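Reading the structure
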Amino acid sequence: MNAPEQSTLPILMREDKDGVATLTLNRPTQFNSLSEEMLAELQAALDAIAKDVSVRAVVIAGAGKAFCAGHDLKQMRANHSKAYMQKLFKQCGKVMMSITEMPQPVIARIHGIATAAGCQLVAMCDLAVAAEGAKFAVSGINVGLFCSTPSVALGRAMGRKQAMEMLLTGDFIDAAEAQRRGLINRVVPLDQLDAEVKKLTDSICAKSAVAVGMGKQMFYKQLEMGLDGAYQLASETMACNMMADDAAEGIDAFMQKRKPEWKGC
């Protein structure tokens, strides 16, 4: 996409189809960097989708050659004050937390590089599918900046030593290695990327929305708890889930050997 075309389009594009909302980062000439404007657009879109019961799954993608190259360094250098940096990183953290807190599963569709906060974005998504040529790095250390905020996501998505190696070296890893380390779920040829993402969204959309939303919320909460507290939360969640109409319908359909008709409650 050339510059004149880009200027006529929003920096974040949304497309809804068959219960799936696709958000495309659209700053291709800036490698879809997360400017404060992009973060604001993402926040608004995620907030709107979280309240939209017609949306069952979310896909985050990138336009152009890259998925996302992290924060907008030019913008950061032009606003060199601690107050600005605190506001920016707080804004970014809120976006990342919104991905975890919204009821719909969020899938990263990675076709190119994902670096620094872009790699953080991948790690914060519930699922991630990458093309074989995609590459990942938290490269702030190369410019004298330890990727502290991305480390929060990486340290929870993969092994500690594997995360620290990326954070301390700034080196790129390829998609196959990212899958081995637990950063992403699936790796496919580029021409099969959309089809693979669709397999996941089709599977999610076929499930009960109430079960998916309740389960996602419980899953992330219990990760931060001790074992006993985690089991107490999980037990209470399952009890509440069993009281939902969808659970009764699902069990009845299973016993009657028919397809369930979800009500979303």
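Residues numbered from 1 in each chain as written. Predicted model: local features only at pLDDT ≥ 70, side-chain atom pairs only at ≥ 80, totals over all residues. Heavy atoms only, no water.

Here we take up the sheet that holds strand 5 (residues 113-115). Through backbone hydrogen bonds, the strands of a sheet pair up, either in parallel or in antiparallel fashion. Here three strands make up an open sheet; going across it, the order is 5-7-8 and the pairing mixed. Across the chains shown, the open sheet's two edge strands, defined by having one partner strand only, are strand 5 and strand 8 (173-174). Alignment of strand 5 against strand 7 (residues 135-137), held across three bridges, turns out to be parallel. Looking at the pairing, Thr115 lines up with Ala137 of strand 7. Along the sheet face, helix 5 (residues 117-124) touches strand 5 and strand 7 and points at about 100° away from the line of strand 5. (Pairing = 2+ DSSP bridges. Helix = DSSP H or I, 4+ residues; strand = E, 2+ residues; numbered from the N terminus. Contact = heavy atoms within 4.5 Å. Axes fitted to C-alpha atoms, helices over the stretch in contact; angles between N-to-C directions.)

Mapped onto the elements, Glu249 comes out in helix 12 (residues 245-255). With relative accessibility at 14%, the residue Glu249 sits in the buried group. When sequence neighbours within four positions are dropped, the list of residues in contact with Glu249 reads Arg258, Lys259, Pro260 and Glu261. (Buried < 20%, exposed > 50% of the residue type's maximum accessible area, 1.4 Å probe, protein only.)

Counting 54 residues, the largest nonpolar core has Phe67, Ile110, Val122, Phe136, Leu183 and Ile184 as the members making the most contacts within it. In terms of residue count, the dominant contributor to this core is helix 4 (residues 82-101) (seven residues). If we skip the residues at most four places from it in the chain, Val122 touches Phe67, Ala108, Ile110, Ala114, Ala128, Phe136, Leu183 and Ile184. Grouped together as the second largest cluster of nonpolar side chains are 11 residues, Ala57, Val129, Ala131 and Leu193 included. (Core = buried A, V, L, I, M, F, W, Y, C linked by side-chain atoms within 4.5 Å.)

Relative to each other, helix 4 and helix 5 sit at 20°, their axes nearing to 9 Å. Compared by their axis directions, helix 4 and helix 5 come out roughly parallel. Pair helix 4 / helix 5 crosses with right-handed handedness. Residues Cys92, Met96, Ile99 and Thr100 of helix 4 pack against Ala117, Gln120, Leu121 and Met124 of helix 5. Split into classes, the residues belonging to the contact of helix 4 with helix 5 amount to six nonpolar, two polar and no charged. (Parallel < 35°, antiparallel > 145°, perpendicular 65-115°, else oblique. Left-handed = near helix turned anticlockwise from the far one by under 90°. Nonpolar A, V, L, I, M, F, W, Y, C, P; charged D, E, K, R; others polar.)

A few words on the confidence of the model for the protein chain. Regions with low pLDDT carry predicted coordinates that are not meant to be interpreted in detail. Averaged over the protein chain, the pLDDT score is 94; the fraction of residues at 70 or greater is 97%. Note that residues 1-6 has pLDDT below 50 and, in this model, nine contacts with residues that lie over four places away or in other chains. (pLDDT = per-residue confidence, 0-100.)

This next bit is on the pattern of salt bridges. Counting across every chain of the model gives 13 salt bridges. The partner of Arg180 in a salt bridge is Glu177, with the nearest N and O atoms 2.8 Å apart. Here Arg180 and its partner Glu177 are both found in helix 8 (residues 175-180), three residues apart, which amounts to about one turn of the helix. A relative accessible area of 58% places Arg180 in the exposed class. Of the charged contacts in the structure, one is a salt bridge between Glu249 and Arg258, with a shortest N-O distance of 2.7 Å. (Salt bridge = Lys/Arg side-chain N within 4 Å of Asp/Glu carboxyl O.)

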